[in-house]
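Breakdown of the fold
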Amino acid sequence: MAAVLVVEDDQFVRSALIRHLTDAAHTVRSVGTALEALREVAHVRFDLVILDLGLPDLDGSEALKMLRGITDVPVIVATARDDEREIVRLLNAGADDYLTKPFSVEHLSARMAAVLRRARPAAGAVPPSTVLRVGGLAIDPLRREAELDGVRIDLTRREFDLLAFLAGRPGVVVARKELLAEVWQQSYGDDQTIDVHLSWLRRKLGETAARPRYLHTLRGVGVKLEPPRAERTP
């Protein structure tokens, strides 16, 4: 069971989604505008948001950006737009998945299950004592906490997943295709998806692409995480 926020202004579609989700034993709240959605996520903890793009007050893509500014809750975008560039742009903006309207309740249920599985690591998958250490970085996958030189780093869910995945393979160049498959659970996408998150991570690690410390990009090959040179063991 999950706590789900439905953001949909079409009353017929909204009622159908509420009925289906309630029948599936989910707890459902619903709103019809982007501003109402922002107020809801600011005060209520949700496991998933289903976000329509055709909202009356704000375009859903703008609402998505605003949501990502205040929460890491998984978001499935429901859209009638099937242009691939638009879909990639939404994924880059922080959507976890998308559905093209019209869609069946079975399709929605399958996408929800996949997104919720990725957001909730399997119990016992990570031993409690496992803390990944790379130089001054300490990443605790179980508690989903990361520190740099003893100072807590505030990471989004996707930033943490990317950092933890790379920290589990220190010094190893990971291909972008593998990052998309393992971190984003996507079989396709463009490099911008990864580049945007790497840029955010670098900022929080106090480095830049021009002056990297931990994150190193090998053009045309992939990305690796390793300790700064001064911290490497001879």
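Look up: the structure comes first, before these words.
Residues numbered from 1 in each chain as written. Predicted model: local features only at pLDDT ≥ 70, side-chain atom pairs only at ≥ 80, totals over all residues. Heavy atoms only, no water.

To continue, consider the nonpolar core. With 28 residues, the main nonpolar core has L137, I139, L163, L179 and L225 as its most contacted residues. Elements with a contribution of two residues or more to this core: β6 (132-134), β7 (137-140), β8 (145-148), α6 (157-167), α7 (176-182), α8 (191-204) and β12 (222-225). When residues of this core are assigned to their parent elements, the largest contribution, seven residues, is made by α6. (Core = buried A, V, L, I, M, F, W, Y, C linked by side-chain atoms within 4.5 Å. Buried < 20%, exposed > 50% of the residue type's maximum accessible area, 1.4 Å probe, protein only. Helix = DSSP H or I, 4+ residues; strand = E, 2+ residues; numbered from the N terminus.)

A few words now on the packing of aromatic side chains. For the coordinates displayed, the defined rule picks out zero aromatic pairs. Taking NZ or CZ as reference, R111 lies 5.8 Å from the ring centre of Y98, over its face. A cation sits over an aromatic face here: R169 above F165, 3.6 Å from the ring centre. (Phe/Tyr/Trp six-rings, centres within 6.5 Å; stacked < 30°, edge-to-face > 60°. Lys NZ or Arg CZ within 6 Å of the ring centre and 35° of its normal.)

Here R68 is to be found in helix α3 (residues 60-68). From its side chain, R68 meets the backbone oxygen of G94 in a polar contact 3.0 Å long. Setting aside its immediate chain neighbours within four residues, R68 contacts V73, P74, V75, A93, G94 and D96. (Polar contact = N/O pair within 3.5 Å; in protein donor to acceptor, adjacent residues only side chain to side chain. Contact = heavy atoms within 4.5 Å.)

Attention now moves to the packing of helix α1 (residues 11-23) against helix α5 (residues 105-119). Packed helices, taken two at a time, are described by the angle between their axes plus the distance between the axes. Where α1 meets α5, the closest approach of the two axes is 11 Å, and the angle between their N-to-C directions is 60 degrees. Put simply, α1 runs oblique to α5. Judged by the sense of rotation from one axis to the other, the crossing of α1 with α5 is right-handed. Taken together, the residues of α5 that come into contact with α1 (itself represented by L17, H20 and L21) are V105, L108, S109 and M112. The residue makeup of the contact of α1 with α5, split by class, is five nonpolar, two polar and no charged. (Axes fitted to C-alpha atoms, helices over the stretch in contact; angles between N-to-C directions. Parallel < 35°, antiparallel > 145°, perpendicular 65-115°, else oblique. Left-handed = near helix turned anticlockwise from the far one by under 90°. Nonpolar A, V, L, I, M, F, W, Y, C, P; charged D, E, K, R; others polar.)

Let us look at the environment of E182. Looking at where E182 falls in the secondary structure, it is placed in helix α7. Spatially, the C-alpha atom of E182 lies 23 Å from that of L64, the residues being 118 residues apart in sequence.

With that settled, consider α5. Spanning 15 residues, α5 covers 21 Å between terminal C-alpha atoms, matching the ideal 21 Å at 1.5 Å per step. Here α5 has its buried residues at L108, M112, A114, V115 and L116. In this structure, the buried side of α5 is in contact with β1 (3-7), α1, β3 (48-52), β4 (75-79) and β5 (97-100). (Expected span 1.5 Å × (residues − 1).)

We now examine the sheet that holds strand β2 (residues 27-31). An order of β2-β1-β3-β4-β5 is seen for the five strands of this open sheet, with the pairing classed as parallel. Two strands close off the open sheet at either side, each with one partner strand: β2 and β5. Direction aside, the axes of adjacent strands within the sheet are offset by 20 degrees on average. As paired strands, β3 and β4 are joined by four bridges and run parallel to one another. Paired with V49 across the bridge in β4 is V75. (Pairing = 2+ DSSP bridges.)

What follows concerns the sheet that holds β12. Taken together, the three strands give an open sheet; going across it, the order is β10-β12-β11, and neighbouring strands pair in antiparallel fashion. Each edge of the sheet is formed by a strand with only one pairing partner; in this case those strands are β10 (174-175) and β11 (215-218). Direction of pairing for β10 relative to β12: antiparallel, over a ladder of two bridges. The residue of β12 that forms the bridge with A175 is G222. Docked against the sheet, α6 engages β10, β11 and β12, running at close to 75 degrees with respect to β12.

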